[in-house]
Amino acid sequence: IGLSVGMRKYETVGTIGAFVRSRETGRLLALSNNHVLALANNGELGDEIVQPAIADGGTEPTAVGQLGSYHELSDGGEIDAALVELDPLLEVNPGFISEEVQLSGDIVTPQRNLSVIKSGRTTDLTAGRITAIGVMNVAYLVGSQVFSLDNQIEITSLSSTPFSAGGDSGALVVTPEGHAVGLLFAGTRTVDN
């Protein structure tokens, strides 16, 4: 969790947000963003996913699995997520977002002023607080496509450094107790979504 990941074919780069289990097969999957693992609906199921991303690992990053599924991005949508079907021989440590924070497996409803943390490929472990919920029309650019998501969470850093930066997309946002709140997909110098 928090490590670099991307598509070999399109050389995308982002963050492994969490490991989840398929209800149908029981297989372990990796969670990140659609724009990281499927290049904003342009990926094909079965595309090779590598760790670290090519931008972070030279010419021979390790294939860790294949694109398993993704939630299609659309204007006015609310979700930017995709799953990697991991190589069954891959060893992972699915329970911790940092040495101090174990994931609980629970999801909490976001609330204003809720303290949150995330572990991202670029900025590592950072802390913030939710400053707005239900944010509408959050636009972001993926390649030459612009998408706009609704009902998003806004997070402000608790320090002088940003909560996230490019490459942190896909990081799981959790409470300090390890309860999932959301999946990071975009940010600015002052706020993140």
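Everything that follows concerns the structure shown earlier in this document.
All of these numbers come straight from a predicted model, not from anything done at the bench. (Residues numbered from 1 in each chain as written. Predicted model: local features only at pLDDT ≥ 70, side-chain atom pairs only at ≥ 80, totals over all residues. Heavy atoms only, no water.)

A tally of helices and strands in the protein chain yields two helices and 15 strands. For the protein chain, the C-alpha radius of gyration of 15 Å lies close to 16 Å, the compact-globule estimate for 193 residues. Relative to its full complement of 193 residues, the protein chain shows a buried share of 47%. Across the protein chain, every contact between residues at least 6 apart in sequence was considered, and the portion connecting residues at least 24 apart equals 60%. Accessible surface for the protein chain amounts to roughly 9,600 Å². Of this, 50% is attributable to carbon and sulfur atoms. (Helix = DSSP H or I, 4+ residues; strand = E, 2+ residues; numbered from the N terminus. Rg over C-alpha atoms; globule rule 2.2 N^0.38 Å. Buried < 20%, exposed > 50% of the residue type's maximum accessible area, 1.4 Å probe, protein only. Contact = heavy atoms within 4.5 Å. Areas by Shrake-Rupley, 256 points an atom, 1.4 Å probe, with all protein chains shown as cover.)

Here we take up unusual backbone geometry. For the bond running from Gln51 to Pro52, omega is 0 degrees, close enough to zero to count as cis. Topologically, Pro52 is positioned in the loop between strand S5 (48-51) and helix H2 (54-57). Notably, Glu11 is not glycine yet its phi reads approximately 55 degrees, a positive angle. Looking at Glu11, the relative accessible area reads 51%, which means it is exposed.

Attention now goes to the packing of aromatic side chains. We describe a pair of aromatic rings using the distance from one ring centre to the other and the angle between the two ring planes. Inspection of every chain in the model, using the stated rule, returns two aromatic pairs. Note on Tyr140 and Phe147: the rings are 6.5 Å apart at their centroids and 40 degrees apart in plane angle, and the pair reads as tilted. Taken as a pair, Tyr140 and Phe147 share a single burial class, namely buried. Seen in terms of ring centroids, Tyr140 and Phe185 are 4.7 Å apart; in terms of plane orientation they differ by 55 degrees. Their pairing is tilted. Of this pair, Tyr140 sits in strand S10 (residues 138-142) while Phe185 sits in the loop between strand S14 (180-183) and strand S15 (191-192), and the two are 45 residues apart along the sequence. Judged by its relative accessible area of 8%, Tyr140 falls in the buried class. For Phe185, a relative accessible area of 3% gives the class buried. The rings of Tyr140, Phe147 and Phe185 are connected pair by pair, giving a single aromatic cluster. (Phe/Tyr/Trp six-rings, centres within 6.5 Å; stacked < 30°, edge-to-face > 60°.)

A full pass over the atoms with the stated rule returns four salt bridges. The salt bridge partner of Glu48 is Arg8, with a shortest N-O separation of 2.3 Å. Within this pair, whereas Glu48 is found in strand S5, its partner Arg8 is found in the loop between strand S1 (4-7) and strand S2 (14-15), the two being separated by 40 residues in sequence. (Salt bridge = Lys/Arg side-chain N within 4 Å of Asp/Glu carboxyl O.)

The subject of this paragraph is empty space enclosed by the protein. Counted by the stated rule, this structure contains one cavity of 30 Å³ or more. The space that makes up the largest cavity amounts to roughly 40 Å³. Around the largest cavity, the lining residues are Val5, Ile16, Ala30, Leu31, Ser32, Leu37, Val64, Val84 and Leu86. Among the elements that take part in the lining of the largest cavity, strand S4 (residues 28-32) stands out by supplying three residues, more than any other. (1 Å grid on protein atoms, 1.4 Å probe; cavity = no way out; pocket = protein on both sides within 12 Å on 5 of 7 lines; lining within 4 Å. Points joined across faces, edges and corners; volume = space filled by probe spheres on them.)

Let's shift gears to the pairing of strand S9 (residues 124-135). By the bridge criterion, six bridges tie strand S8 (residues 115-120) to S9 in an arrangement that is antiparallel. Paired with Gly120 across the strands is Asp124, a residue of S9. The hairpin formed by S8 and S9 contains three residues between the paired strands. Bridge count for S9 against strand S12 (residues 152-157) is five bridges, and the pairing is antiparallel. What sits directly across from Ala132, in S12, is Glu154. (Pairing = 2+ DSSP bridges.)

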